[in-house]
2 protein chains.
Amino acid sequence: MNTGKLYLVGLGPGDAGNLTPAAAAAIADSDELVGYHYYIEQVAGEAAGKVSHAMELGQELERAALAVDIAYSGKTVAVVSSGDAGIYGMAGPVFRVLTDRQWNGHNPAVETVPGVSALQSAAALLGSPLMQDFCAISLSNLLTPWEQIRRRLEAAAAGDFVTVLYNPRSRRRVSQLQEARDIYLAHRSSDTPVGIVRHAFRPEQAVSLAVLGGLDGERLGVDMFTTVVIGNSNTYVHNGRMVTPRGYEAKG
Amino acid sequence: MNTGKLYLVGLGPGDAGNLTPAAAAAIADSDELVGYHYYIEQVAGEAAGKVSHAMELGQELERAALAVDIAYSGKTVAVVSSGDAGIYGMAGPVFRVLTDRQWNGHNPAVETVPGVSALQSAAALLGSPLMQDFCAISLSNLLTPWEQIRRRLEAAAAGDFVTVLYNPRSRRRVSQLQEARDIYLAHRSSDTPVGIVRHAFRPEQAVSLAVLGGLDGERLGVDMFTTVVIGNSNTYVHNGRMVTPRGYEAKG
């Protein structure tokens, strides 16, 4: 019996320079592609001649189920995500579906191909903010209760973690970022550096710096294409770069 | 006046498939390379014909100072790190030296090229552990006081973060991992899944699963080439894969 294969492919931020050879090879090896249409378009070159299932945002479980169906039919399929499929990406829904179908762990084969994640793209453009312990927190309460997110923000603020906020703000969700700011202000100085990166490594890229006390999502244009990085108590700014010292070293 | 350029290049886990085209291009564009000798050897092909400054571990500030000197002299230099140079990597020492020299922010130019980090390589091989909020904590107390690391472990354990431990254990540092385990056991069940990945994407690669109560660094062979991933309260194992549900979904 021929066994299928499912690749979980992280495309990185979207430019060709940050697409790994392993990701390109996985797409080339696939019969079919499944993903949000915007990501499918990003790899139009690599996807030429393949069956592409371009879907809308918010259909993650449907996309995962379709891909698993294709793999069980004996074909090779790539599920494409921006950034890293393993970080808040399509790996979650796919493993959810595989669990529900009592997948035996090897047939179809499942392989995750890492990609440059949003937190890395943001850090690279900001300077060196991630030189000390850090955390990633998604402010989207679509799948997680706000109380749980709030509890994590409190813990990270108290533990002096550099914090990367995913999904910081959308048209409908505007209060969460302001609440997060207030939680951090209870633990860190109002002049703590905050980095704001929108559309990293894309033509529309915009990078700016703010301070925690001035973190106003509306004024700073924070949206779903934005990653926000809050420095720890030692993070400083030197000529436009956000720098977190590694430890004992004095603040710059 | 000709201005130099300094690239901070993340090589990823070390295999060719996970070296980004942008990283390869930065190395190709450089006159000289600076890095730990093991990483310089990893890119021997790309580095052919260039002046290579291969240095020993523990000389991070010396490496950074040498690279900054080369860039100030007007040449193009690449500082190479494994994983991502921006995550506990060479970006820190380089920005430290740049700050000390009152770098003006553009001359020499400094560009960070992200790479696939250890936390991503580990997650890709384990399943989908990073589908919920997570943090990275280094257990090395060489540059950070243990009390501060301990405080972060407490906060992350209490906040139910999936936790990626960097530098979990060395020949001389054996107690930290056991102390971390005990901190997490105060907040999570002893059967919480733990993933252990050694030499990800290299010929010596070894991936195993344990439970929090059985996390014994000696027995499990945890060393400086190992990344340890502790699940959150919802993480489960399905046929050898470590899966963290995205949120409201029930545990598998």
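All names here are of chain A. In the contact formed by helix H7 (residues 146–158) and helix H8 (residues 175–185), the axes pass within 9 Å of each other and the chain directions differ by 35°. The way H7 lies across H8 gives a crossing that is right-handed. Contact residues: H7 offers Trp146, Arg150, Leu153, Glu154, Ala156 and Ala157, while H8 offers Gln176, Glu179, Ala180, Ile183 and Tyr184. The class makeup of the residues in the contact of H7 with H8 is seven nonpolar, one polar and three charged.

Here we take up the relation of the copies chain A and chain B. Least-squares fitting of chain A to chain B yields an RMSD of 0.0 Å, with the superposition described by an axial translation of 0.0 Å and a rotation of 180°. Read as a symmetry element, the transformation amounts to a two-fold axis. In terms of proximity to the rotation axis, the leading residue of chain A is A:Cys135, whose C-alpha is 1.9 Å off the axis. Most of the interface of chain A is mirrored in chain B: 100% of its interface residues are interface residues there too.

Time to look at the interface of chain A and chain B. Contacts between the two partners involve 72 residues from chain A and, on the opposite side, 72 residues from chain B. Scanning the region where chain A abuts chain B turns up four salt bridges. For B:Asp133, the salt bridge goes to A:Arg152, with nearest N and O atoms at 2.9 Å. Counting every contact that joins chain A to chain B gives 33 residue pairs in polar contact (both at pLDDT 80 or more). When residues in the side of chain A that touches chain B are grouped by element, the largest group, seven residues, is from helix H5 (residues 91–100) of chain A. For the side of chain A that touches chain B, the residue count by class is 36 nonpolar, 26 polar and ten charged. Sheet topology note: the strand E7 (residues 134–138) of chain A/strand E7 (residues 134–138) of chain B ladder contains three bridges and is antiparallel.

The rules we used
- Residues numbered from 1 in each chain as written.
- Chains lettered and ligands numbered in written order.
- Predicted model: local features only at pLDDT ≥ 70, side-chain atom pairs only at ≥ 80, totals over all residues.
- Heavy atoms only, no water.
- Axes fitted to C-alpha atoms, helices over the stretch in contact; angles between N-to-C directions.
- Helix = DSSP H or I, 4+ residues; strand = E, 2+ residues; numbered from the N terminus.
- Left-handed = near helix turned anticlockwise from the far one by under 90°.
- Contact = heavy atoms within 4.5 Å.
- Nonpolar A, V, L, I, M, F, W, Y, C, P; charged D, E, K, R; others polar.
- Least-squares fit on C-alpha atoms with pLDDT ≥ 70 in both.
- Salt bridge = Lys/Arg side-chain N within 4 Å of Asp/Glu carboxyl O.
- Polar contact = N/O pair within 3.5 Å; in protein donor to acceptor, adjacent residues only side chain to side chain.
- Pairing = 2+ DSSP bridges.

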